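Each chain, letter by letter, is given below.
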Amino acid sequence: MSWRGDLPVACWTAGEAVSIIPVEAESTSDGVFLATHTSIPIIRRDHVGSVEGGSLVTEEQLKQAVEELPQDQPIIPILGKSGTGKSHLVRWLRAKLAPRESTRLIFVPKHRMSLRGILELILVHATSERAEELRAKVATAVDAASDEREARLRLRSTLAILVETRGTRPDRPPEESEFREYLASPEGLPALLNDPVFRDRLLDEAAPIARLVREKLSGKGADDKEDAYGFAAADLDLSVDDISKAGDSAQTVAAALASDTGLRELAAMMLNEQLGPAVGEVFGIGGDDLKQLLVELRLDLQRQGLDLLLLIEDFSIFQGIQGGLIDAITLVPTVDVPLCPMRVVMAVTTGYFVNQMPETVFTRTYKVFDLAAPAKGSGPFDPAAFAARYLNAVRVGAAEIDTQHTGGRPAPNGCERCPVREKCHRAFGQIDDIGLFPFNRSALALAMRSQAPDGEFVARDVLTRVLRPVLQRDQVELDERRFPGDAFENDFRTGALDILDNIEDQVQLHTPGNRELSDRRVRMVRFWGSEQGAHNLDPAIHEAFSVPPLEVLGAPGTARQESRPKREATAAAPVATARPSAAAGEQAASQPAQAPALVQAVDHWRATGKFVQSSRNDLRNIVHAAILNHLNLEDGYGGDAGWARGDKKLVPQFVAASSVSLDGAAAQSALVSLDHEDDDDVRVLRALAWAHTAQSWSAVPNGATLQRLCMQWVETRAAQVSEALLPAEDDDPELARLAHALLAAGKALGIPDAFKDDPISRVRAIFAVPPEASDTEARPRLRRWQSDIVGTDQKPGRDVLRQRVLRLTCYRQGAGDPLALNLPRLLRAVRDDSAHAIWPEAVPAAIRESVENIRLRIGALDQLRREAVDLVPDTSELGEDVSEVSKALNGLIAGLAPLGLSSSAVNGPELLVRARSVKSGDLKKTRGFEQAFAEWESLDANERLRVLTSDVEGPSGRVRAWLQPTLAAVRSLEAKLQAGPLSETQREHEEALTLLLAKLTELDACIVATTTSPGEGA
């Protein structure tokens, strides 16, 4: 059982909606057309050239004007924007004008009327021999160009020829004439039109050539625009995939057109000037032929004593041959050319009539009738009455309407047969005893408003975007108790913006556990409601839609009368429905009349899913602060980047900008994401915004309840954030891999603790500062290698890995420095048995790549070894301590000086200074390096890293600094002693010299080997 007893809920069938409300108005029968006709405001203007002023008249006055047209002013244009009902009004005239025996009527419909069809309509009343000849010519000519592809190609090439031969206009201003000469030259538009690369763009389905050919062969379709087809400047802003394949001239003119709007406009004008002649040549009949046809018809009718009435639903279908039509309808009868009287009524867009009609049309126009938009008109137009006629026709059905029309009777009222007529009309409203169900005035006005963003009533949009979708699509939803559904809300959402978008009011309309029923009740109140805020509707509306009212809300207009004003819902115009205030709240505590700006922003977000960026940022910060306060201030993830450097994506963190999403692109990756379609999310965000603004929950309407809701929500989200970011108590394989990678990095940087086995030392090594390098210039390869291991902002290394370890193991107060380290967890991670843990899938690839990079670099040490070996001198034959050798050498130098055997190349004091700079352990360390490099192949990885990262240059450099000049001194002295025979004085000291030479020989034996650099195997 439905609210209509045994009858279905819907009082119509969906199929009738398509029959009664087709896309093409002329496809309905005369009976349906008249049954659905509604008078719309018409502005009559006597001054043809004006588009302002005039007086409001009725259709009957238009009909009277047509009937009394003077012979010297036979034209009546019906103007208006697309979809305002111009064609409908022309058809109404056809149906209402009383037929006269002396009048021959030609009605030219706007859709599916080809060029041949138009011409044959004109010839249907012609009976002369000449007419027969013209009829044959029309059939032959148009059929010759019936192939659409061929017609497009011919029209393109014909335009190129006509522009080149007729495009120049010497009567134009000099600058325009100059540009015309270029565009009309073979290197101008003809080159572009004939170029094989640009032709695809010019012949595109949406381009003027294709559209015009399609119209001439098949007539206009329902989706075709009313304006006459032609070239616009935008059509000549051409681009192609490979311009290099185009001809040079075509490239040049295309580039010129692309860079100069004025030149494109002139080019479009020149092409449009030749469209008419081109159509005539392509289709074999043009404007001149049309003129001849009409003239011949008028001559024929004059001979018969008849007159002609021409009704044109859309003047633009004459595009290409309009010149002939204009000439024919503005031709004045003369004695030599006795034409019959002719009246012309044509629907034409305002812009085309005012801007493109020649002056001759204005001089032959009687009056102008303009379909001013009803929303701006001053007449008593009621859009609901317009809709009611169609609602009734759909209920009655096309067959019944046609039967009644054939019998000369008006269409019946479908509501007369309904068992719930009285309560339906009371609840949903009626106009002239025709019910508005399933709409009421409010729902109808809001739905219309959603389809009229500029606030104007457009008949076509109301029919095809409002009435037909609901009557066709939603009939099943009504019968299955699912109306109003998602489709209704999605179609008309913008009409009801700000109406019941307060989530707190919506929550009052919910039925717990039944989201579908709750959503339908909210839609009912938003569109069909009579008050602002949550309230029950007329019981019959609840019954019809199978949505029970809520007892807590009471009867309509009672429980909330004082705090909720009535919501006016006049259908005088789509924009006339009043918007509610932002007030919300419960019966016991209604909220202030004006909600804070951020709260209103949340309400708007609820309705549209959109925020202005400033509001989005403020609300993200509010949510972030609320959750951060519930992380016990020990998380180490709040407020800012903390210790993070480099790519922040590699460091877990909780910051408002990236961690909180409000329906944004980051909703999938954000730690906290709020959805405008989730009731709890919206309620919490709204309440937090209000509390933030008021600085007190007591100032928030229903604050106690909402505070509890927010606390639960925030605690849940804080737990989610903690689970995602805070350190876990169990062993973490990622932490283990990071710890061991950092230990390896520490060894590479020469951190002593990294080489120790105890866990505490290893932990210290992870966070230790590397020793300061003193041999940067001596060991450039080592320092570059270590810098790569440390990493940079662009290439993560040790620094980023350390930050990640801190995030996994540390706690801190807010955004400050670390307060504590989870040492037991980190101690487990540095154990040897955790070194080869399996990477968790969630670890960013960049982190894993950084660890692998450290491993690979530590495995490549050959270059570093060669660099270090070059720094170590060979001390294998130096048996004594450096200080002892230095002392003996200086004694020798002192003894030789009196004998004249010293050398100027020997600087004894300097050698002494260098010997003293060698530290006591330097020789031992140097010999240790020598031994390590000699035994390199037998060293393990740790031993190799230890020796490479030790201070090789320090001790070895000091030893080398003394050895090199010492060797030079020995060679110099040796050469001096062997230079010649001894003098008399020398002989006197022979005994002493012998003793000294013995000592020198002994010293030389110790250090002579240092003149040879150590080899690779040393």
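A brief structural summary. (Residues numbered from 1 in each chain as written. Predicted model: local features only at pLDDT ≥ 70, side-chain atom pairs only at ≥ 80, totals over all residues. Heavy atoms only, no water.)

Details of the overall build of the protein chain
Part 1: Looking only at helices and strands, the protein chain features 46 helices and 13 strands.
Part 2: Relative to all contacts within the protein chain whose residues are 6 or more apart in sequence, the contacts with residues 24 or more apart total 75%.
Part 3: When the accessible area of the protein chain is evaluated, it comes to approximately 45800 Å², of which 50% is carbon and sulfur surface. (Helix = DSSP H or I, 4+ residues; strand = E, 2+ residues; numbered from the N terminus. Contact = heavy atoms within 4.5 Å. Areas by Shrake-Rupley, 256 points an atom, 1.4 Å probe, with all protein chains shown as cover.)

Observations concerning the sheet that holds strand S2 (residues 55–57)
Part 1: Pairing is mixed across the open sheet formed by seven strands, whose spatial order is S2-S1-S7-S3-S6-S5-S4. Two strands close off the open sheet at either side, each with one partner strand: S2 and strand S4 (103–108). Pairs of neighbouring strands in the sheet enclose a mean axial angle of 25°, with direction left out of account.
Part 2: One ladder, built from two bridges, connects strand S3 (residues 75–80) with strand S7 (residues 368–370); its direction is parallel. In the strand pairing of S7, isoleucine 78 is matched with phenylalanine 369.
Part 3: Packed onto the sheet, helix H15 (residues 287–303) meets S4, strand S5 (307–312) and strand S6 (342–349) and runs at close to 140° relative to S5. (Pairing = 2+ DSSP bridges. Axes fitted to C-alpha atoms, helices over the stretch in contact; angles between N-to-C directions.)

Thoughts on unusual backbone geometry
Part 1: Between phenylalanine 437 and proline 438 the backbone carries a cis peptide bond, its omega angle lying at 10°.
Part 2: With respect to the helices, strands and loops of the structure, proline 438 is situated in the loop between strand S9 (434–435) and helix H22 (441–450).
Part 3: Going from phenylalanine 483 to proline 484, the amide bond is cis rather than trans, its omega being -5°.
Part 4: With respect to the helices, strands and loops of the structure, proline 484 is situated in the loop between helix H23 (459–479) and helix H24 (486–492).
Part 5: For aspartate 498, which is not glycine, the phi dihedral falls at a positive 75°.
Part 6: Take aspartate 498: its relative accessible area is 35%, and that puts it in the partly exposed class.
Part 7: Its identity is not glycine, yet asparagine 702 carries a phi of approximately 60°, on the positive side.
Part 8: By the element assignment, asparagine 702 lies in the loop between helix H31 (679–694) and helix H32 (703–725).
Part 9: According to the relative accessible area criterion, asparagine 702 is buried, its value standing at 16%. (Buried < 20%, exposed > 50% of the residue type's maximum accessible area, 1.4 Å probe, protein only.)

Comments concerning a nonpolar patch on the surface
Part 1: Among the surface-exposed residues, Ile760, Leu821 and Leu823 lie close enough to one another that they form a single nonpolar patch of about 200 Å² accessible area.
Part 2: Tracing the sequence through the fold places leucine 823 in helix H37 (residues 823–829).
Part 3: Classification of leucine 823 by relative accessible area gives partly exposed; the value is 31%. (Patch = residues over 30% accessible without salt bridge, like charges linked within 9 Å, V, L, I, M, F, W, Y side chains within 5 Å. Salt bridge = Lys/Arg side-chain N within 4 Å of Asp/Glu carboxyl O.)

Looking at the packing of aromatic side chains
Part 1: Across all of its chains, the model carries 21 aromatic pairs by this definition.
Part 2: Members of the aromatic cluster, each reached through a chain of ring pairs, are Trp3, Trp12, Phe428, Phe437, Phe483, Phe488, Phe492, Phe527, Trp528 and Phe545.
Part 3: Looking at lysine 367, its charged tip hangs above the ring of tyrosine 366, at a distance of 4.8 Å from the centre. (Phe/Tyr/Trp six-rings, centres within 6.5 Å; stacked < 30°, edge-to-face > 60°. Lys NZ or Arg CZ within 6 Å of the ring centre and 35° of its normal.)

Considerations on the nonpolar core
As a rule of thumb, nonpolar side chains are buried together in soluble globular proteins.
Part 1: Counting 90 residues, the largest nonpolar core has Phe428, Phe437, Phe439, Leu467 and Phe545 as its most contacted members.
Part 2: Considering each element in turn, this core owes the most residues, nine residues, to helix H19 (residues 383–396).
Part 3: Apart from the residues within four sequence positions on either side, leucine 467 is in contact with Ile21, Ala387, Tyr390, Leu391, Phe439, Leu444 and Val462.
Part 4: Core analysis: the next-biggest nonpolar cluster, separate from the first, contains 79 residues, Ile122, Leu212, Val213 and Met346 among them. (Core = buried A, V, L, I, M, F, W, Y, C linked by side-chain atoms within 4.5 Å.)

Concerning the packing of helix H28 (residues 597–608) against helix H29 (residues 613–628)
Part 1: For the pair H28 and H29, the least separation of the axes is 10 Å and the interaxial angle reads 105°. It follows from the interaxial angle that H28 and H29 lie roughly perpendicular. Residues Leu598, Ala601 and Val602 of H28 lie in contact with H29, whose contacting residues are Ser615, Asp618, Leu619 and Ile622.
Part 2: Residues that form the contact of H28 with H29 fall into these classes: five nonpolar, one polar and one charged. (Parallel < 35°, antiparallel > 145°, perpendicular 65-115°, else oblique. Nonpolar A, V, L, I, M, F, W, Y, C, P; charged D, E, K, R; others polar.)

As for the pattern of salt bridges
Part 1: In this structure the tally under the stated criterion is 44 salt bridges.
Part 2: Note that glutamate 176 and arginine 180 form a salt bridge whose closest N and O atoms lie 2.9 Å from each other. Note that glutamate 176 and arginine 180 are positioned in helix H8 (residues 174–184) at a spacing of four residues, about one turn of the helix.
Part 3: One salt bridge connects arginine 683 with glutamate 504, and the closest N-O pair in it is separated by 2.9 Å. Placement of arginine 683 in helix H31 and of glutamate 504 in helix H25 (residues 503–508) is noted, with a sequence separation of 179 residues between them.
Part 4: A relative accessible area of 10% means that glutamate 504 is categorised as buried.
Part 5: Among the charged side chains, a network of salt bridges with common partners joins Arg169, Asp171, Arg172, Glu176, Arg180 and Glu273.

Structural notes on H19
Part 1: Taking 1.5 Å of rise per residue, 14 residues should cover 20 Å, and H19 covers 20 Å from first to last C-alpha, within 8% of that figure.
Part 2: With twelve of its 14 residues buried, H19 lies for the most part within the structure. (Expected span 1.5 Å × (residues − 1).)

Comments concerning the environment of valine 348
Part 1: Looking at the secondary structure, you find valine 348 in strand S6.
Part 2: Each C-alpha atom, one on valine 348 and one on serine 87, is 8.9 Å from the other, the two residues being 261 residues apart in sequence.
Part 3: For valine 348, the residues in contact, after removing those within four places along its chain, are Pro77, Ile78, Leu79, Gly80, Lys86, Phe315, Phe353 and Met357.

Notes on the side chain of threonine 949
Part 1: Along the chain, threonine 949 turns up in the loop between helix H43 (941–948) and helix H44 (953–977).
Part 2: One polar contact links the side chain of threonine 949 to the main-chain carbonyl oxygen of arginine 946, over a distance of 3.4 Å. (Polar contact = N/O pair within 3.5 Å; in protein donor to acceptor, adjacent residues only side chain to side chain.)

Section: the pairing of S5
Part 1: Counting buried positions over the six residues of S5 gives six, a clear majority of the element.
Part 2: Along S5, one buried face is formed by Asp307, Leu309 and Leu311 and the opposite face, lined by Leu308, Leu310 and Ile312, is buried too.
Part 3: The pairing of S4 with S5 spans six bridges and is parallel. Directly across from phenylalanine 107, in S5, lies its bridge partner leucine 311.
Part 4: Each parallel crossover has a hand, and for S5 linked through helix H16 (residues 322–329) to S6 it is right-handed. (Right-handed = clockwise from strand over helix to strand, strands pointing away.)

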